[in-house]
Amino acid sequence: MSYRSSVRLNRRHFLSSVAIFLAAGTSASFARSISGSLPWQALASDPPIQVVPGGWYFFTPQEAATVEAIVDRIIPADELSIGGKEAGCAVYIDRQLTGPFGSSSRLYTKGPFLPGLPTQGYQGEANPAQRYRAGLAAMDAFLKQRDGKSFVELQPAEQDAFLTEMEAGKIALPNGIKSAGFFGLVLQNTMEGFFADPIYGGNKDMVSWRMIGFPGARYDYRDHVTKHNEPYPQSPVSISGRPEWLGKGI
Amino acid sequence: MTNILPRKDVVIVGLGWSGAILANELTDQGLDVLAIERGPWRDTATDFNIGYAQDELRYGIRRDLFLQPTVETFTIRNSPSETALPLRDFGSFLPGNGVGGAGVHWNGHTWRFWDSDLNIRTHLTERYGAAKIADLEVADWGITGAELEPYYDRFEYLAGISGKAGNIKGELQDGGNPFEDARSRDYPLPPMQMTYAPTLFAEAGRSLGFHPFPTPSANLSQNYVNPLGIAMGQCTYCGFCERFGCANYSKASAQTTVLPVLMKKANFEVRTDSEVLHVNLDASGKSARGVTYIDTSGQEFFQPADLVILCAYGLHNVRLMMLSGIGKIYDPVSGEGVVGRNYCYQTNSGAQVFFDDKNFNPFIAAGALGQTIDDFNGDAFDHGGLDFVGGAGINCIPTNGRPIATRPTLPGTPKWGSAWKKATVESYKSTLAFSSQGSSYASRNNYLDLDPTYKDRFGRPLMRMTFDFPDNDIRMSNYVCDRMEEIAKTLGGKQHVISRRKKGWDSVPYQSTHNTGGAIMGTNPAKSAVNRYLQSWDVPNVFVIGASAFPQNAGKNPTGTVGALAFLAADAIRDQYLRNPGAPLVSA
Ligand SMILES: Cc1cc2nc3c(=O)[nH]c(=O)nc-3n(C[C@H](O)[C@H](O)[C@H](O)COP(=O)(O)OP(=O)(O)OC[C@H]3O[C@@H](n4cnc5c(N)ncnc54)[C@H](O)[C@@H]3O)c2cc1C
Ligand code: SF4
């Protein structure tokens, strides 16, 4: 998610009615002085960038295969929806790990790193990208040792059993990696991908929204507020529209 | 090297809710006002754009509009004997960033505190005796409800609050809150249209003899033009409200109620993306010379000013005072010091009622749309036979059905797999949630100071927060949970769950961005940091505006009171301070 698109930077150059406070330095500064008017400009915006599936930006092919297998157990294909892999959850996670989320660039990452109480939140030094790299490797190392197979080689029922043990913290992964913590991270990210707007690569064709009946990016429900207990009649829309609008009927 | 800039009459630190109000009032007075804002400029069309405002991942989960911990965070612990560790990510509370501050992405529940919340120590002592509050540091604000009333009125009319008065000039009004203090007139707008869940909640409450009423809301029930002439639009019940900016100009914020007028004034300037590092004092330490700030290129500037007003959000106000040497830092062992004392929060709990046969359409919602029962708030009920003081509003305000975060399931449901999916589909539309928002009363070991270990990006100490729910507040919350259970049972449903508040404040799950205290107002300079006009006792040309001034928190959201205090301080500066600049308005 590279939100800080160049639009924002360029916007500065359009601000003719606005005095720009130039710092006495050469390094890039967004600092602005605004006085005398609202510095609003037509067409200045900061839209999200559509994720395009195809290729892996962060995962190795082997990691990608493992993550696809995991998201397909977390969200299995059944009569309610397609599976997490087909919905794009692994692509979603891959793209997230290359952005600010993966590198924790928005978080406080200074040491010392001390073990804390659960109420003090995550205190580890590793960022999500590092946790995926290490966690996936540790999972396969553990399984190779125990079962002689990697995660993708297990049967779905065996995969479920293993993930259940991970979730409960019962798997002692190598390198001191906490299995419950790593599983929790993957679970959270899988759900994000499945339920987020499809522009982020998961939730293909708004599958999760159709499943639960969430109308998505619609922004005006005034005509239905007092229709208590009546189903909302419209199907969902995403930020980028609907397949129907693109002539792709669903 | 620090660049020295031309002087200004007034420097305001932070252009959020209170900064915008102060700037507008003082520029009206003809003063040359500069606001310095840490975050970026934000406006509706660009930053809360209707084309992509409804993006749960970006705004709700990754919290694009919020302060990022890399810029400033806090260390936290539950008691003085523990080692505080940094909030590496925010969770329990989420400070704002950028023009508009947290007011951009608040819900908009807009309350008045009652006289009994303000005059609390005197009131509780008279009614129950001093022993009842012996374990607590509750303190009077030094201002009465009647004195604050006109300022509440100004904030509510500025913001276009939608609600129903319960008491106009002493006359009770049908359908409003019978427990509120007298107000001079009704809200500027009628209540919002009501969704299904709060409607059922109110019916259940009424059948138990309680007094539900529409929650006063800064999501506008109708189009509105405020006293500054700024037009706002009707709320569309979009369900992307708290954590999001409003794309419809329907949620009151600095953007929708003040900035269109303020920004056109030649005697106002805002410098964005510029963080104030500290207030500079003169050699005596009793007068501020201005502020030092740094922009995003790392350039440092000294901005001289005659008057400095901290409007940086309560917690940041307190840290700036500590880093600037304004007032002595509180020490819980000796009980001395004023800056950092009486840090309080909010004591919340939740209830869920699961149905089979109902469809609540949870996505049709707004940040402050719902019903409240105040029968067990503050001192609205007799605590004579009870082992606590304080209370909670019981609120049914379902704000959203955004599916990454809002997917209720019955207890015992797995978190993934086909069984999870089935349970999610079953409960998504048919679950009614309500909650209690409880008071948080000051106690000796809940306080703010500077952390001895962890530093910010400039190498300066982070602020340390030591906090746990006092036993009094846990007993209060349990009592209110019992009332919630009665309501849940009356609502029926196939199952209900009451989530009670426990000791051991957890910084991870979101609870409330209602951090109060640390620079409290009062009548005694040994026990408060600012006087009744929010003027620093120690450095009289510094005013400190925000919930930092609350000696303790009520069972209500703070911003109605923050807005009222902002108007009160503006009047005090205009009508009293400017006649004799630099002098204390209350003699110590
Ligand atoms: C999700 C959410 C929901 C909320 N819902 C409600 C609600 O329903 N009802 C209610 O009453 N309240 C609610 N609040 C709280 C409400 O937003 C705040 O009480 C209110 O915004 C406080 O106003 P303020 O002026 O003190 O601070 P803010 O509006 O936050 O403004 C402070 C400004 O100061 C800037 N600043 C900070 N430090 C510096 C520095 N060093 N230099 C320069 N600038 C600085 C910040 O960037 C910010 O713009 C909510 C808050 C959140 C986050
Ligand atoms: S719910 Fe209403 S006030 Fe809130 S963001 Fe949506 S339209 Fe705006």
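Cut-offs used in this document
Residues numbered from 1 in each chain as written. Chains lettered and ligands numbered in written order. Predicted model: local features only at pLDDT ≥ 70, side-chain atom pairs only at ≥ 80, totals over all residues. Heavy atoms only, no water. Helix = DSSP H or I, 4+ residues; strand = E, 2+ residues; numbered from the N terminus. Buried < 20%, exposed > 50% of the residue type's maximum accessible area, 1.4 Å probe, protein only. Contact = heavy atoms within 4.5 Å. Areas by Shrake-Rupley, 256 points an atom, 1.4 Å probe, with all protein chains shown as cover. Pairing = 2+ DSSP bridges. Near = heavy atom within 4 Å. Polar contact = N/O pair within 3.5 Å; in protein donor to acceptor, adjacent residues only side chain to side chain. Nonpolar A, V, L, I, M, F, W, Y, C, P; charged D, E, K, R; others polar. Axes fitted to C-alpha atoms, helices over the stretch in contact; angles between N-to-C directions. Parallel < 35°, antiparallel > 145°, perpendicular 65-115°, else oblique. Left-handed = near helix turned anticlockwise from the far one by under 90°. UniProt positions renumbered as here; feature names shortened; annotations may be inferred. Buried area = accessible area lost by both parts, 1.4 Å probe. Salt bridge = Lys/Arg side-chain N within 4 Å of Asp/Glu carboxyl O. Phe/Tyr/Trp six-rings, centres within 6.5 Å; stacked < 30°, edge-to-face > 60°. Lys NZ or Arg CZ within 6 Å of the ring centre and 35° of its normal.

Considering the overall build of chain A
Phase 1 of the analysis: A count of helices and strands for chain A gives nine helices and one strand.
Phase 2 of the analysis: When the helices and strands of chain A are listed from N to C terminus, the series reads α-β-α-α-α-α-α-α-α-α.
Phase 3 of the analysis: The burial tally for chain A puts 49% of its 250 residues in the buried class.
Phase 4 of the analysis: Taking all contacts inside chain A whose residues are at least 6 apart in sequence as the whole, residues at least 24 apart take part in 58%.
Phase 5 of the analysis: With the model as given, the accessible surface of chain A reaches about 11,700 Å², and the carbon-plus-sulfur share is 57%.

Some remarks on the sheet that holds strand E20 (residues 461–466) of chain B
Sheet strands line up and pair through hydrogen bonds in the backbone, either parallel or antiparallel.
Residue and element names in this part refer to chain B.
Phase 1 of the analysis: One open sheet holds the four strands; their spatial order is E5-E4-E20-E19, and the pairing between them is mixed. Strand pairing shows two members of the sheet lacking a second neighbour, strand E5 (85–86) and strand E19 (447–455), which therefore form its edges.
Phase 2 of the analysis: When strand E4 (residues 74–77) meets E5, the two strands line up antiparallel, connected through two bridges. Its bridge partner lying in E5, Ile-76 is registered against Leu-85.

A few points about the site of ligand 1
All names here are of chain B.
Phase 1 of the analysis: Taken together, the neighbourhood of ligand 1 is formed by 35 residues, with Ser-18, Glu-37, Gly-98, His-109 and Thr-559 sitting nearest.
Phase 2 of the analysis: In the model, an oxygen atom of ligand 1 is placed 3.0 Å from a nitrogen or oxygen of the Gly-108 main chain.
Phase 3 of the analysis: With respect to ligand 1, the side chain of Thr-559 contributes an N or O atom lying 2.7 Å from a nitrogen atom.
Phase 4 of the analysis: Protein contact buries 99% of the 990 Å² of open area that ligand 1 shows by itself.
Phase 5 of the analysis: Put simply, the parts of the chain that give the shell around ligand 1 at least two residues each are helix H1 (17–28), strand E12 (274–281) and helix H10 (314–324).
Phase 6 of the analysis: Ranked by the residues each element gives to the shell around ligand 1, the list is headed by E12, at three residues.
Phase 7 of the analysis: Grouping the constituent residues of the shell around ligand 1 by class yields 14 nonpolar, 18 polar and three charged.

Some details on the pairing of E4(B)
Both faces of the sheet carry side chains from a regular strand, because those side chains alternate between them.
All names here are of chain B.
Phase 1 of the analysis: Neither face of E4 is exposed, since Phe-74 and Ile-76 on one face and Thr-75 and Arg-77 on the opposite face are all buried.
Phase 2 of the analysis: Where E4 meets E20, four bridges bridge the pair, whose relative direction is parallel. Bridged to Ile-76 within E20 is Met-465.

Some words on the packing of helix H4 (residues 89–97) of chain A against helix H8 (residues 179–195) of chain A
All names here are of chain A.
Phase 1 of the analysis: At their nearest, the axes of H4 and H8 sit 8 Å apart, and the two run at 110° to each other. Regarding the angle of H4 to H8, the classification is roughly perpendicular. Seen from above, H4 lies across H8 with right-handed handedness. Two secondary-structure elements touch here, H4 through Cys-89, Tyr-92 and Ile-93 and H8 through Asn-189, Thr-190, Glu-192, Gly-193 and Phe-194.
Phase 2 of the analysis: Grouping the amino acids of the contact of H4 with H8 by side-chain chemistry returns four nonpolar, three polar and one charged.

What about the side chain of Thr195(B)?
Phase 1 of the analysis: Its place among the elements puts Thr195(B) in the loop between strand E7 (171–172) and helix H7 (196–207).
Phase 2 of the analysis: When sequence neighbours within four positions are dropped, the list of residues in contact with Thr195(B) reads Val225(A), His228(A), Ile364(B) and Leu369(B).

Here's the deal with the UniProt feature "domain: Glucose-methanol-choline oxidoreductase C-terminal" (unreviewed entry) in chain B
Phase 1 of the analysis: When the UniProt feature table is mapped onto this chain, "domain: Glucose-methanol-choline oxidoreductase C-terminal" (unreviewed entry) is found at residues 445–566 of chain B.
Phase 2 of the analysis: The span residues 445–566 of chain B is 24% helix and 19% strand, and its two end C-alpha atoms sit 29 Å from each other.

A few points about the site of ligand 2
Phase 1 of the analysis: Surveying the vicinity of ligand 2 reveals 13 residues, the closest of which are Cys235(B), Cys238(B), Cys241(B), Cys246(B) and Asn248(B).
Phase 2 of the analysis: Residue neighbours of ligand 2 fall on chains A and B, so the site bridges chains.

Considering the interface of chain B and chain A
Phase 1 of the analysis: On the side of chain A, 97 residues touch chain B, which itself brings 102 residues to the contact.
Phase 2 of the analysis: Here chain B meets chain A over a buried area of about 7,800 Å², counting both sides, of which 59% is carbon and sulfur.
Phase 3 of the analysis: Considering only the side of chain B, the residues that lose the most area to chain A are Arg62(B), Arg88(B) and Trp416(B), jointly responsible for 12% of the buried surface there.
Phase 4 of the analysis: Connecting chain B to chain A are four salt bridges.
Phase 5 of the analysis: In this structure, Asp64(B) engages Arg106(A) in a salt bridge whose closest nitrogen and oxygen atoms are separated by 2.7 Å.
Phase 6 of the analysis: In this structure, the connection of chain B to chain A is made through 41 residue pairs in polar contact (both at pLDDT 80 or more).
Phase 7 of the analysis: Residue contributions to the side of chain B that touches chain A peak at eight residues, all from helix H11 (residues 417–428) of chain B.

Some details on the side chain of Thr27(B)
Phase 1 of the analysis: Take Thr27(B): it is sitting in helix H1.
Phase 2 of the analysis: When residues no more than four places from it in sequence are discounted, the contact partners of Thr27(B) are Val33(B), Leu262(B), Lys265(B), Asn267(B) and Phe268(B).

A word on the packing of aromatic side chains
Phase 1 of the analysis: What the rule picks out here adds up to 44 aromatic pairs over all chains.
Phase 2 of the analysis: Relative to Trp106(B), the ring of Trp17(B) lies with its centre 5.8 Å away and its plane at 85°, an arrangement referred to as edge-to-face. Of this pair, Trp17(B) sits in helix H1 while Trp106(B) sits in the loop between E5 and helix H4 (115–118); the two residues are 89 residues apart in sequence, bridging distant segments of the chain.
Phase 3 of the analysis: On the basis of relative accessible area, Trp17(B) is assigned to the buried category, the value being 8%.
Phase 4 of the analysis: Considering the side-chain rings of Phe467(B) and Phe469(B), the 5.4 Å spacing of their centres and the 80° angle between planes classify their relative orientation as edge-to-face.
Phase 5 of the analysis: Residue class for Phe467(B) comes out buried when judged on its relative accessible area of 1%.
Phase 6 of the analysis: Taken together through their ring pairs, the aromatic side chains of Trp209(A), Phe214(A), Tyr221(A), Tyr232(A), Tyr59(B), Phe240(B), Phe244(B) and Phe363(B) make up a single cluster.
Phase 7 of the analysis: The cationic tip of Lys132(B) hangs over the ring face of Tyr128(B); the distance from NZ or CZ to the ring centre is 5.4 Å.
Phase 8 of the analysis: Residue placement shows Arg483(B) over the ring face of Phe376(B); its charged tip is 6.0 Å from the ring centre.

Structural notes on the UniProt feature "domain: Glucose-methanol-choline oxidoreductase N-terminal" (unreviewed entry) in chain B
Phase 1 of the analysis: Residues annotated in UniProt with the feature "domain: Glucose-methanol-choline oxidoreductase N-terminal" (unreviewed entry) correspond here to residues 232–344 of chain B.
Phase 2 of the analysis: The span residues 232–344 of chain B shows a helical share of 17% and a strand share of 29%, and its end C-alpha atoms are spaced 34 Å apart.

What about the environment of Gln96(A)?
Phase 1 of the analysis: Within the secondary structure, Gln96(A) is located in helix H4.
Phase 2 of the analysis: A relative accessible area of 5% means that Gln96(A) is categorised as buried.
Phase 3 of the analysis: When the C-alpha atoms of Gln96(A) and Asn189(A) are compared, they prove to be 8.8 Å apart, with 93 residues separating the residues in sequence.
Phase 4 of the analysis: Within polar-contact distance, the side chain of Gln96(A) engages the side chain of Arg62(B) at 2.9 Å.

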